[in-house]
Amino acid sequence: MANDTTRLLGLDGLAVVGVADDTDGPVVHLVTADERARHCPDCGTRARRSKGRRVTRPRDLSVGGRRPRLVWAKRRWRCDELACRRRSFTESVPPVPPRKRLTTRLRAAAGAAVADQGRTVVQAARDYALSWSVVAAAFTSHARAVLPAQPEPVQALGIDEIRRGRPRWIPDEATGIWQTAVDRWHVGFVDLSGKQGLLGQVEGRTAQAVIDWLADRDQAWRDAVQYVAIDMCTIFKSAIRRVLPQATLVVDHFHLVQLANQTLTEVRRRVTVTHRGRRGRKSNREWELRNRLTRSAARMRGEHVDALLDELSNLPRAIGAPITAAWNAKEDLLDLLATARTRPDREQVRDLLYRFYRRCADADPPELQRLATTVETWWPEILAFLHTGITNAGSEGTNRVIKTIARDAYGFRKPGNQRLRTRCATTRRARGHLDAR
Ligand SMILES: [Zn+2]
């Protein structure tokens, strides 16, 4: 009977001698059942003289929904080896290391719950009846063990920035203007060609931060990078030019679409304020159409696109015309970007680009001139996107996971903890934790 219970409990080197029922759950009495525990940890000599017993109560996982309280009567032994400096020692077995009050499997389960099962430290601490700091430490050691120290080579690297927490503002007392006091960023490196997910994060949105992370990789790793996808950020561009001179820079279409939509929104807001003397609100048709305007026409049904254009032409001309121009420019840009999927030839790309530039040049809104200039500045990188189709969409997905984790945790005080949590969550697929068994 006791043997069966020992097998059921499954703590190597510990034998159950009895189970008592208590109001709080079962109390399991254990003794050491490992001959090796009797050998001195320093010299390895088998001890002969006992110094008596000492009772410890290591905490363990629950069994069948109940948390058994373990009571382990372990022996203290005297080391008789004359050359050994250790006079005495207490038994220990691998499932309960010396001076530890938790079984290794409880600690591992708490760490894995945070690293791989999407629990926050607070939630896992509650689940396993442990303190926050114990779970946080268990998570850190679990994460360090499972995360690869160095990423595998990648062909296409994505670099993207994400805000860390909320920006804080303080008023400048002299001028009365609000200024950012705290605006913290993380720059993430993502494997876009393979399955490694988020390779790492660094703090700060500077070229040096990017250069330093890349400098930590070896030369062979850096040489293997053929493409780098970035948003239209000159800081990253200059950093990559310096550290990965052989890599082709690719601008992500996601950010271009975002920019075109932003431009359209700016035009709409400006004409509303100029011609109505206030911000847009319900009963202003252009305000009511705002979401339909930024939707891609390719994803709308034909009659809905026609209806949208009709609505725009029914608006007062001073409002409708600039918005229509901005909408057309946005759609021209989208058409151009959509060719990435069809292996476009040079003429096709040239014609679509020309149409977009002409549209911007012919239109009044200054916002469109600015959009055209940005496209012109980044044209080599946009063309690289049209040819390769490489996109940072993967890292945008990663950013969503990063934000969810930060929200679940109600923010992180230490950026190092946040990076570790983020890396665990975004590499789960690569580490085989999301695949159905
Ligand atoms: Zn010894």
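Just so we're clear, the structure is a prediction, and the values are computed from it rather than from any experiment.

Conventions and cut-offs
Counting from 1, residues in each chain are numbered in the order their sequence is written. Whole-chain, interface and lining totals are the exception, using all residues; otherwise, since this is a predicted model, local features are given only for residues with pLDDT of at least 70 and side-chain atom pairs are given and counted only at 80 or more. For the side-chain quantities, the full set of heavy atoms in the structure was used; hydrogens and water were omitted. Numbering goes from the N terminus for both helices and strands, where a helix is a DSSP run of H or I of at least four residues and a strand is a run of E of at least two. As a reference, a globule follows 2.2 Å times the number of residues to the power 0.38, and the radius of gyration itself is taken over C-alpha atoms. Relative accessible area decides the class of each residue, using a 1.4 Å probe on protein chains only: under 20% of the type maximum gives buried, over 50% gives exposed, and in between gives partly exposed. We call two residues in contact whenever any of their non-hydrogen atoms come within 4.5 Å of each other. The distinction between a cavity and a pocket rests on a 1 Å grid over the protein atoms alone: a 1.4 Å probe fits inside a cavity but cannot get out, while a pocket stays open yet meets protein on both sides within 12 Å along at least five of seven lines, and a residue with an atom within 4 Å of a point counts as lining. Grid points are joined across faces, edges and corners, and a volume is the space filled by probe spheres set on the points. All amino acids are sorted into three groups, where Ala, Val, Leu, Ile, Met, Phe, Trp, Tyr, Cys and Pro are nonpolar, Asp, Glu, Lys and Arg are charged, and the leftover types, Gly among them, are polar. Nitrogen and oxygen atoms within 3.5 Å of one another constitute a polar contact, given that in protein one can donate a hydrogen and the other can accept it, and given that sequence-neighbouring residues count only through two side-chain atoms. Donor atoms: N, O and S within 2.8 Å of the metal, or within 3.2 Å for Na, K and Ca. Because water is excluded, sites can look incomplete. Every angle between 85 and 135 degrees makes a four-donor site tetrahedral, while opposite donors more than 155 degrees apart, with all other angles between 65 and 115, make a four-donor site square planar and a six-donor site octahedral; other sites are irregular. Domain start and stop points were drawn from an automatic or database domain assignment. Among buried residues, those of type Ala, Val, Leu, Ile, Met, Phe, Trp, Tyr and Cys that are joined through side-chain atoms within 4.5 Å constitute a nonpolar core. Two rings from Phe, Tyr or Trp (for Trp, the six-membered ring) form a pair when their centres sit within 6.5 Å of each other. Planes less than 30 degrees apart are called stacked, planes more than 60 degrees apart edge-to-face, and all others tilted. Basic side-chain nitrogens of Lys or Arg form a salt bridge, by our definition, when they fall within 4 Å of a carboxyl oxygen of Asp or Glu.

Another aspect to go through is the overall build of the chain. Looking only at helices and strands, one finds 17 helices and 10 strands in the chain. Relative to a compact globule of 437 residues, whose C-alpha radius of gyration would be 22 Å, the chain shows 31 Å and is clearly more extended. With respect to the three principal axes, the spread of C-alpha positions in the chain is 100 × 55 × 50 Å. Across the 437 residues of the chain, 43% fall into the buried class. Taking the intrachain contacts of the chain between residues at least 6 apart in sequence as the baseline, contacts between residues at least 24 apart amount to 59%.

Turning our attention to empty space enclosed by the protein. With the rule as written, the count across this model stands at 1 cavity of 30 Å³ or more. Of the pockets and cavities examined, the largest cavity occupies roughly 30 Å³. Lining the largest cavity are 10 residues, with Asp 160, Gly 188, Leu 198, Asn 399 and Ile 402 sitting closest to its centre. Of all the secondary-structure elements, those providing two or more residues to the lining of the largest cavity are strand 6 (156-171), strand 7 (178-191), strand 8 (198-203) and helix 16 (393-408). Of all the elements, helix 16 adds the most residues to the lining of the largest cavity, at 4 residues. Residue classes in the lining of the largest cavity are distributed as 4 nonpolar, 5 polar and 1 charged.

Time to look at the side chain of Glu 331. Here Glu 331 shows up in helix 12 (residues 317-338). Within the structure, Glu 331 has its side chain in polar contact with the side chain of Lys 330 (distance 2.9 Å). In contact with Glu 331, not counting residues within four places along its chain, are Arg 295, Ser 296, Ala 297 and Ala 298.

On to the coordination of the zinc ion. For the zinc ion, every protein donor is listed as Cys 40 (SG), Cys 43 (SG), Cys 79 (SG) and Cys 84 (SG), and the spread of their distances is 2.3 Å. What the 4 donor atoms of the zinc ion show is an angle range of 101 to 115° at the metal, which sorts the shape as tetrahedral. In primary-sequence terms, the residues that donate to the zinc ion follow C-x2-C-x35-C-x4-C. Of this pair, Cys 40 sits in the loop between strand 2 (25-32) and strand 3 (49-56) while Cys 84 sits in the loop between strand 4 (69-78) and strand 5 (88-90); the two residues are 44 residues apart in sequence, bridging distant segments of the chain. For Cys 40, a relative accessible area of 3% translates into the label buried. A relative accessible area of 15% places Cys 84 in the buried class.

A few words on the layout of surface pockets. Taken as a whole, the second largest pocket encloses approximately 480 Å³ of empty space. Among the secondary structure elements, those contributing two or more residues to the lining of the second largest pocket are strand 3, strand 4 and strand 5.

The domain architecture assigned to the chain consists of domain 1 (2-101), domain 2 (156-252 + 392-426) and domain 3 (253-388). In this structure, domain 1 and domain 3 have C-alpha centres spaced 72 Å apart.

This next bit is on the nonpolar core. Ranked by internal contacts, the top residues of the largest apolar core, which has 68 residues, are Leu 157, Ile 159, Phe 189, Val 210, Leu 214 and Val 228. Considering each element in turn, this core owes the most residues, 9 residues, to helix 12. Both domains that furnish three or more residues to this core are identified here as domain 2 (156-252 + 392-426) and domain 3 (253-388). Discounting chain neighbours no more than four positions away, the residues touching Leu 157 are Phe 189, Val 190, Leu 192, Leu 199, Leu 214, Trp 221, Val 225, Tyr 227, Val 228, Ala 229 and Leu 244. In this structure, Leu 102, Val 121, Ala 143 and Leu 420 belong to the second largest nonpolar core, which totals 19 residues.

A few words on the packing of aromatic side chains. Applying the stated criterion to the full structure yields 3 aromatic pairs. A centroid spacing of 5.9 Å and a plane angle of 80° characterise the contact between Trp 213 and Trp 221, whose relative ring orientation is edge-to-face. One exposure class covers both Trp 213 and Trp 221, and it is buried. Look at Phe 356 and Tyr 357: their rings are 5.8 Å apart centre to centre, the planes differ by 45°, and that puts the pair in the tilted class. Residue Phe 356 is classed as buried on the basis of its relative accessible area, which comes to 0%.

Turning to the environment of Asp 364, a few remarks are in order. Following the sequence through the fold, Asp 364 ends up in the loop between helix 13 (346-362) and helix 14 (366-377). In sequence terms Asp 364 and Pro 322 are 42 residues apart; their C-alpha atoms lie 6.9 Å from each other.

All right, on to the pattern of salt bridges then. The full count for this structure, using the stated rule, is 22 salt bridges. Among the ionic pairs, Arg 36 bridges to Asp 34, the shortest N-O distance being 3.2 Å. On the basis of relative accessible area, Arg 36 is assigned to the exposed category, the value being 64%. Asp 34 gets classed as buried once you look at its relative accessible area, which sits at 16%. A salt bridge links Arg 49 to Asp 80; the nearest nitrogen and oxygen atoms lie 2.9 Å apart. Placement of Arg 49 in strand 3 and of Asp 80 in the loop between strand 4 and strand 5 is noted, with a sequence separation of 31 residues between them. By relative accessible area, which is 25% here, Asp 80 ends up partly exposed. In the salt-bridge network here, residues are joined through shared partners; they are Asp 332, Asp 335, Arg 355 and Arg 359.

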